[in-house]
Amino acid sequence: MRAARKKRLYLVVLMVMGIGIAVGFALSAFNQNLMYFYSPSEVLAGDAPKDHMFRVGGLVTDGSVQRLANDLTVSFDVTDQLKSVTVEYTGILPDLFREGQGIIAHGKLRDDGVFVADEVLAKHDENYMPPEVAASLKQAHDEGVARTQQKATTQ
Amino acid sequence: MIPELGQYALILALCMAIIQAIVPLVGTFNRTPGWVALARPVAWGQFFFLLIAFAVLTHAFLVNDFSVLYVAQHGNTQLPVMYKISAVWGAHEGSLLLWVLILGAWTLAVSLLARNLPAEVMARVLSVMGMISIGFLLFLLLTSNPFARVFPVPAEGGDLNPLLQDFGLAIHPPMLYMGYVGLSVAFAFAIAALISGKLDAAWARWSRPWTLVAWVFLTIGIALGSWWAYYELGWGGWWFWDPVENASFMPWLAATALIHSLAVTEKRGAFKRWTVLLALTCFSLSLLGTFLVRSGVLTSVHAFASDPARGMFILLFLLVVIGGSLLLYAVRAPHIPRGGGFGALSRESLLLGNNVLLIVTTALVLLGTLAPLVYDAFGWGKISVGFPWFNTMFVTFMPLLIILMGAGPLTRWKHNDPAALAKRLKIALLISITAGVIIALPFSTGSVSAGIAVALSTWLASTLVSGLRQRLKNKPGIGGFINDLSGRGGRSYYGMWLAHIGIAVFVIGVTFVTQFDVEKDARMTPGQSIELSGYRFRFEGVNNVPGPNYRSQFGTVRVFKGDEEVALLNPEKRTYLVQTKPMTEAGINAGFMRDIYVSLGEPLGGGDWSLRLYYKPFVRWIWLGCIFIAAGGLLAASDPRYRNPLRHRREAAVTPAGAASAIRSNA
């Protein structure tokens with residue numbers, strides 16, 4: 001009985017250690033897989049990481065969608081209505097992608113400041129606005145209002 | 001006038017639910033048989049009124065009664081009849097009504113089918129289900145009334161979201177809800193047992209078939225959702241680790257743990273506290289899923305409404321249910337007697353490993369799903385968790401689970417000599433390693449992942465075959481098998497067998513399609529051909545074709561292998577007339593060994609289109625595996641010993657042979 005109990009203790013210790021290692025590994029991998037969201041203003045201000053994937057979102061600027069060359073590469077501007085970032089994407093855009101629509105792109109910033117996306121998301125609802133995009137638009141709008149007011153008071 | 005009837009019916013159902021929640025429960029304490037006996041008829045009454053409410057809403061959709069706001073928003077005269085019916089649960093209010101109706105149906109089923117239940121247990125179980133029903137009916141009536149009127153009455157309805165106008169998605173929510181809500185039965189049994197303090201093998205045996213059936217529905221619901229995403233979204237993916245998918249997957253993982261730990265509690269009396277806690281967890285995760293999906297805190301196709309009042313209500317309800325049940329557990333758990341002991345190597349210890357692994361993965365999925373909400377709430381930034389992380393987690397933990405899954409059914413209860421087990425598993429181990437290595441070699445696939453997957457699947461299959469041979473050793477021929485299948489415990493065993501084979505099939509499907517699928521986005525001119533994985537895709541152009549409530553850009557792609565035409569695919573781009581949303585319909589040629597998949601991108605001028613071409617080997621095995629898993633669950637749930645458990649216990653106790661067979665027979 002004693003031996004059996006000892007064996008069980010080993011089993012428990014082994015299991016706890018195994019799970020501990022696995023969970024530690026899981027959490028560190030978790031941190032590497034987090035993708036932060038940045039608005040175009042934040043990207044231009046240099047807040048976004050240079051060598052890490054992140055997400056950028058906003059409205060697709062009217063008239064900015066261009067097809068490059070003869071393949072499937074598209075370039076367009078994404079704006080929070082203060083600043084805008086140029087996004088390049090090779091592949092088929094989602095059904096609801098169009099100018100004026102709120103979108104989110106996953107990818108990396110290239111040295112020349114162009115955001116190279118490996119995924120572009122536009123939700124399946126015309127009135128839908130990704131909440132991150134809505135929040136950053138609102139913030140940009142508030143900042144814009146504050147600036148005009150400031151201008152008005154200084155004049 | 002008729003819609004108001006629906007509203008009254010809902011209010012009456014609420015009254016019934018209140019009586020059902022209180023009177024029978026009080027009756028079990030002050031020992032008033034009349035009050036206890038009230039549980040069943042009141043439950044029937046509640047279901048009757050819920051059915052009326054549901055029928056009224058369905059009727060409103062069928063006759064296009066746009067004076068009802070919900071119908072005006074989601075109905076349309078042009079909608080085909082099938083989708084008029086599925087539109088009833090196509091959005092928030094109606095889907096909640098379906099939720100309560102299904103809860104009523106499960107309550108009805110318990111009151112009719114669990115005839116061997118003592119009256120007191122029945123009363124408590126039904127009363128707990130009544131409490132849950134009160135919560136949801138209040139939610140419906142206070143924040144999401146499906147019968148609210150609109151004035152002036154619009155001439156035409158806003159139409160059902162075109163994404164939902166599809167057969168797979170018409171039946172996906174009812175299946176999923178059957179699973180979610182079905183877990184409330186396991187929850188109610190656990191709460192009833194905690195109230196009475198009687199947590200014994202009988203409790204586990206009563207819970208098992210209900211939990212199994214709920215789990216089967218959950219499996220089917222999730223598989224349908226995945227199948228739908230595959231053919232409807234046009235990206236060829238079958239699982240996206242979308243928060244809403246996770247919301248349904250977490251209860252599934254926990255319920256999988258529960259059906260296994262219930263087996264231990266029933267057979268060996270062990271794991272009692274753990275099993276109760278799991279039952280509470282499963283339903284809490286179902287509610288959490290409902291909260292995540294319905295409150296609008298998540299961004300997804302499924303998040304219909306983002307009304308803070310609704311979110312608050314569900315959050316409060318969630319706190320009451322989880323907090324209340326955990327409190328009851330905390331008070332009662334110390335009094336639960338310890339179960340039978342078991343050795344370090346025994347079926348119990350392997351099932352414990354199964355439970356630990358499943359719960360760890362559930363917790364990780366929970367972490368990945370809730371992290372964006374937590375980060376946002378604390379102002380740490382707006383994040384999303386990339387799906388590679390989820391994949392890595394599963395690829396890490398699932399092989400361990402499968403190794404245990406193979407060994408478990410061949411291990412004895414209580415104690416198994418390691419040397420004897422090693423001897424039993426030796427051949428299976430040899431076969432599976434050989435199979436894996438052959439597959440991984442450069443001349444067959446050259447992929448290590450594929451080799452591991454094949455080794456794991458072969459391991460499952462060979463251990464299962466070995467177990468079956470052992471079981472049928474003294475029962476020769478097809479007759480022996482049929483006798484064994486129809487005997488007590490037989491269907492439990494063969495159900496387990498089938499479900500585990502399903503896992504083997506699933507693993508092959510998942511690994512092969514991720515390892516060997518070939519994808520190409522291409523610009524194509526009519527008449528142009530593109531070669532992909534030995535198939536030649538010839539694009540013939542796109543025509544405009546009208547549909548019943550949409551216009552279609554109808555593409556034609558012919559696929560050849562050598563000179564032979566294999567498939568004529570018609571990928572479409574539909575524009576629905578009312579909501580003017582573009583929708584992609586993929587053209588798929590399905591096969592046992594591979595799918596060929598084409599979807600239309602966008603017109604590039606001059607008749608050129610961007611097209612997405614896929615070759616997807618073994619993708620059907622994913623859903624085939626799910627079908628096996630679900631079928632196995634149903635077979636196990638139909639075991640005759642659940643229908644007449646008392647006699648079984650006596651038999652097992654009296655004859656040593658019966659006892660032996662009860663121990664040998666499987667989860």
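Cut-offs applied
Along each chain, residue indices are assigned from 1 in the same order as the chain's sequence is written. For naming, the first written chain is A and the first written ligand is 1, with later ones following in the order written. With the structure being a predicted model, the display of local features is reserved for residues of pLDDT at least 70 and the display and counting of side-chain atom pairs for 80 or more, all residues being used for whole-chain, interface and lining totals. Side-chain metrics rest on all non-hydrogen atoms present in the structure, leaving aside hydrogens and water. Where helices are involved, their axes are fitted lines through C-alpha atoms of the stretch in contact, as for all axes, and angles between N-to-C directions lie from 0 to 180°. Numbering of helices and strands starts at the N terminus; helices are DSSP runs of H or I of at least 4 residues and strands are runs of E of at least 2. Note on angle classes: values under 35 degrees are labelled roughly parallel, values over 145 roughly antiparallel, values of 65 to 115 roughly perpendicular, and the remainder oblique. Handedness of each helix crossing follows the sense of rotation of the near helix against the far helix: counterclockwise by less than a right angle gives left-handed, clockwise gives right-handed. Contacts between residues were defined by any pair of non-hydrogen atoms, one from each residue, lying within 4.5 Å. Each residue is assigned to one of three groups, with Ala, Val, Leu, Ile, Met, Phe, Trp, Tyr, Cys and Pro labelled nonpolar, Asp, Glu, Lys and Arg labelled charged, and all others, Gly among them, labelled polar. By buried area we mean how much accessible surface two parts lose on assembly, using a 1.4 Å probe and totalling the loss over both. Salt bridge, as used here: a side-chain nitrogen of Lys or Arg that lies within 4 Å of a carboxyl oxygen of Asp or Glu. Burial here depends on accessible area, computed with a 1.4 Å probe over protein chains only, as a share of the maximum for the residue type. Under 20% is buried, over 50% is exposed, and the range in between is partly exposed. Note on pairing: two strands pair once DSSP finds at least 2 bridges between them. In what follows, a disulfide is any cysteine sulfur pair within 2.5 Å. For this analysis, a ring pair means two rings from Phe, Tyr or Trp (six-membered ring only for Trp) whose centres lie within 6.5 Å, classed as stacked if their planes differ by under 30 degrees, edge-to-face if by over 60, and tilted for the remaining angles. Criterion for a charge above a ring: Lys NZ or Arg CZ within 6 Å of the ring centre, and within 35 degrees of the ring normal. We define a nonpolar core as any set of buried Ala, Val, Leu, Ile, Met, Phe, Trp, Tyr and Cys residues linked to one another through side-chain atoms lying within 4.5 Å. Where each domain begins and ends is defined by an automated method or by a domain database. Patch membership needs two things, relative accessible area over 30% and no salt bridge, and members are linked within 9 Å if like-charged or within 5 Å if nonpolar (Val, Leu, Ile, Met, Phe, Trp, Tyr). Shrake-Rupley sampling with a 1.4 Å probe provides the accessible areas, and residues are treated as covered by the protein chains on show and by no other component. Under the counting rule used here, the positive set is Lys and Arg, the negative set is Asp and Glu, and His together with the chain ends is not counted. Throughout, a charge is located at the NZ atom of Lys, the CZ atom of Arg, the CG atom of Asp or the CD atom of Glu. Each residue after the first adds 1.5 Å to the expected span of a helix. We call two N or O atoms a polar contact when they sit within 3.5 Å, provided that within protein one can donate a hydrogen and the other can accept it, with sequence-adjacent residues counted only if both atoms are side-chain atoms.

**Some points on the packing of helix α3 (residues 39-62) of chain B against helix α7 (residues 119-143) of chain B**
When two helices pack together, you describe them by how their axes are tilted relative to each other and by the distance separating the axes.
Residues and elements named next belong to chain B.
Then, number 1: Orientation of α3 relative to α7, taken along the N-to-C sense of each, is 30 degrees, at an axis distance of 10 Å. Judged by the angle between their axes, α3 and α7 are roughly parallel. Between α3 and α7 lies a crossing whose hand is left-handed. The segment α3 lies against α7, with Ala39, Arg40, Ala43, Gln46 and Leu50 engaging Met122, Ala123, Leu126, Ser133 and Leu137.
Then, number 2: Among the residues forming the contact of α3 with α7, the class breakdown is 7 nonpolar, 2 polar and 1 charged.

**So, the interface of chain A and chain B**
Then, number 1: With 38 residues of chain A at the contact, the number on the chain B side is 46 residues.
Then, number 2: Of the roughly 3500 Å² buried at the junction of chain A and chain B (both faces included), carbon and sulfur atoms supply 65%.
Then, number 3: Linking chain A with chain B are 1 salt bridge, by the criterion used here.
Then, number 4: Between glutamate 602 of chain B and arginine 67 of chain A there is a salt bridge, with its nearest N and O atoms 3.1 Å apart.
Then, number 5: Counting only elements with at least two residues in the side of chain A that touches chain B, the list comes to α1 (2-32), β1 (34-38) and α3 (131-154) of chain A.
Then, number 6: The biggest single contributor to the side of chain A that touches chain B is α1 of chain A, with 13 residues.

**Regarding the pairing of strand β2 (residues 54-60) of chain A**
All names here are of chain A.
Then, number 1: Of all 7 residues in β2, 7 are buried; the element is thus mostly enclosed.
Then, number 2: Bridge count between β1 and β2: 2 bridges; the pairing is parallel. In the strand pairing of β2, tyrosine 38 is matched with valine 56.
Then, number 3: Bridge count between β2 and strand β6 (residues 102-109): 6 bridges; the pairing is antiparallel.

**With respect to the state of the cysteines**
Then, number 1: Summed over the entire model, instances satisfying the criterion amount to 0 disulfides over all chains.
Then, number 2: Cysteine cysteine 282 of chain B is unpaired, with the sulfur of cysteine 626 of chain B as its nearest cysteine sulfur at 18 Å.

**A closer look at the packing of aromatic side chains**
Then, number 1: Following the criterion strictly, the structure yields 40 aromatic pairs over all chains and no others.
Then, number 2: Consider the rings of phenylalanine 249 of chain B and phenylalanine 394 of chain B, whose centres lie 5.6 Å apart with planes at 40 degrees: the pair is tilted. Of the two residues, phenylalanine 249 of chain B is situated in helix α10 (residues 243-268) and phenylalanine 394 of chain B in helix α14 (residues 387-407); the sequence distance between them amounts to 145 residues. Summarising the burial analysis for this pair, phenylalanine 249 of chain B and phenylalanine 394 of chain B share the class buried.
Then, number 3: Taken together, the aromatic side chains of Phe30 of chain A together with Trp215, Trp239, Trp241, Phe249, Trp252, Trp389, Phe390 and Phe394 of chain B make up a single cluster linked through ring pairs.
Then, number 4: The ring of phenylalanine 29 of chain B carries arginine 124 of chain B above its face, with NZ or CZ at 5.5 Å from the centroid.
Then, number 5: The side chain of arginine 471 of chain B reaches across the aromatic face of tyrosine 493 of chain B, ending 4.3 Å from its centre.

**Regarding the nonpolar core**
Then, number 1: Core analysis: the biggest nonpolar cluster contains 181 residues, and Leu10, Trp99, Val110 and Leu137 of chain B have the highest contact counts within it.
Then, number 2: Take this core: its biggest share by element is 17 residues, from helix α8 (residues 167-196) of chain B.
Then, number 3: When residues are assigned to domains, this core turns out to be shared by domain 1 (1-165) and domain 2 (518-618) of chain B, each giving three or more.
Then, number 4: Aside from chain neighbours lying at most four places away, what touches tryptophan 99 of chain B is Phe136, Tyr177, Tyr180, Val181, Phe283, Leu287 and Thr290 of chain B.
Then, number 5: Formed by 22 residues, the second largest nonpolar core is a distinct cluster that contains Tyr38, Leu109, Val120 and Ala122 of chain A.

**Concerning a positive patch on the surface**
Then, number 1: On the surface, a cluster of positive charge is made up of Arg5 and Arg8 of chain A together with Arg273 and Arg338 of chain B.
Then, number 2: Structurally, arginine 5 of chain A can be placed in helix α1.
Then, number 3: You can call arginine 5 of chain A exposed: its relative accessible area is 59%.

**Points about the domain arrangement of chain B**
All names here are of chain B.
Then, number 1: As assigned here, chain B comprises domain 1 (1-165) and domain 2 (518-618).
Then, number 2: Between the C-alpha centres of domain 1 and domain 2 the distance comes to 43 Å.
Then, number 3: Every contact between the two is made by 12 residues of domain 1 and, on the other side, 7 residues of domain 2.
Then, number 4: At the boundary of domain 1 and domain 2, one finds 0 salt bridges.
Then, number 5: Taken together, the residues that form the side of domain 1 that touches domain 2 break down as 5 nonpolar, 6 polar and 1 charged.

**Focus: the environment of arginine 412 of chain B**
Residue and element names in this part refer to chain B.
Then, number 1: Residue placement: arginine 412 occurs in the loop between α14 and α15 (418-440).
Then, number 2: When the C-alpha positions of arginine 412 and leucine 345 are compared, they lie 8.7 Å apart, and in sequence the two are 67 residues distant.
Then, number 3: When neighbours within four sequence positions are excluded, arginine 412 is seen to be in contact with Ser346 and Arg347.

**What to know about helix α16 (residues 448-471) of chain B**
Then, number 1: With 24 residues, α16 of chain B extends 34 Å from end C-alpha to end C-alpha; this agrees with the ideal 34 Å at 1.5 Å per step.
Then, number 2: Here α16 of chain B starts with a cap whose side-chain oxygen sits 3.4 Å from the backbone nitrogen of serine 449 of chain B, and that cap is serine 447 of chain B.

**Remarks on unusual backbone geometry**
Then, number 1: A cis amide bond links phenylalanine 151 of chain B to the next residue, proline 152 of chain B, at an omega of 0 degrees.
Then, number 2: Not every positive phi belongs to a glycine, and glutamine 81 of chain A is a case in point at roughly 75 degrees.
Then, number 3: Mapped onto the fold, glutamine 81 of chain A is located in the loop between β4 (73-79) and β5 (84-90).

**Notes on the sheet that holds strand β9 (residues 587-589) of chain B**
All names here are of chain B.
Then, number 1: Spatially, the 4 strands line up as an open sheet ordered β2-β11-β10-β9, and their pairing is antiparallel. Of all strands in the sheet, those with a lone pairing partner are β2 (518-524) and β9, marking the two edges. Across the sheet, the mean angle from the axis of one strand to that of its neighbour is 15 degrees, orientation sign disregarded.
Then, number 2: Sheet topology note: the β9/strand β10 (residues 594-605) ladder contains 3 bridges and is antiparallel. Note that in β10 the partner of asparagine 589 across the bridge is isoleucine 596.
Then, number 3: Lying over the sheet, helix α9 (residues 201-232) contacts β9, β10 and β11 (608-617), oriented at roughly 45 degrees with respect to β10.

**Some details on α3 of chain B**
Then, number 1: Here α3 of chain B is 24 residues long and its end C-alpha atoms lie 35 Å apart, about the 34 Å a rise of 1.5 Å per residue gives.
Then, number 2: Within two residues after α3 of chain B, asparagine 64 of chain B carries a phi angle of roughly 55 degrees, on the positive side.

**Considerations on the side chain of threonine 369 of chain B**
Then, number 1: Positionally, threonine 369 of chain B belongs in helix α13 (residues 347-377).
Then, number 2: Threonine 369 of chain B has contacts with Pro243, Asn246, Met250, Leu292 and Phe390 of chain B, leaving out every residue within four places of it along the chain.

**What to know about the pattern of salt bridges**
Residues and elements named next belong to chain B.
Then, number 1: Counted under the stated rule, the structure contains 22 salt bridges over all chains.
Then, number 2: A salt bridge links glutamate 120 to arginine 31, with the shortest nitrogen-to-oxygen separation between them at 3.4 Å. Separated by 89 residues along the polypeptide, glutamate 120 in helix α7 and arginine 31 in the loop between α1 (2-29) and α2 (33-37) bring together distant segments of the chain.
Then, number 3: In this structure glutamate 120 comes out as partly exposed when scored by relative accessible area, which is 29%.
Then, number 4: Between arginine 574 and glutamate 572 there is a salt bridge; the shortest N-O distance is 3.1 Å. The pair arginine 574 / glutamate 572 is uniform in exposure class, with both members buried.
Then, number 5: When salt bridges that share partners are traced, they join Arg205, Arg208, Glu266, Asp639 and Arg641 into one network.

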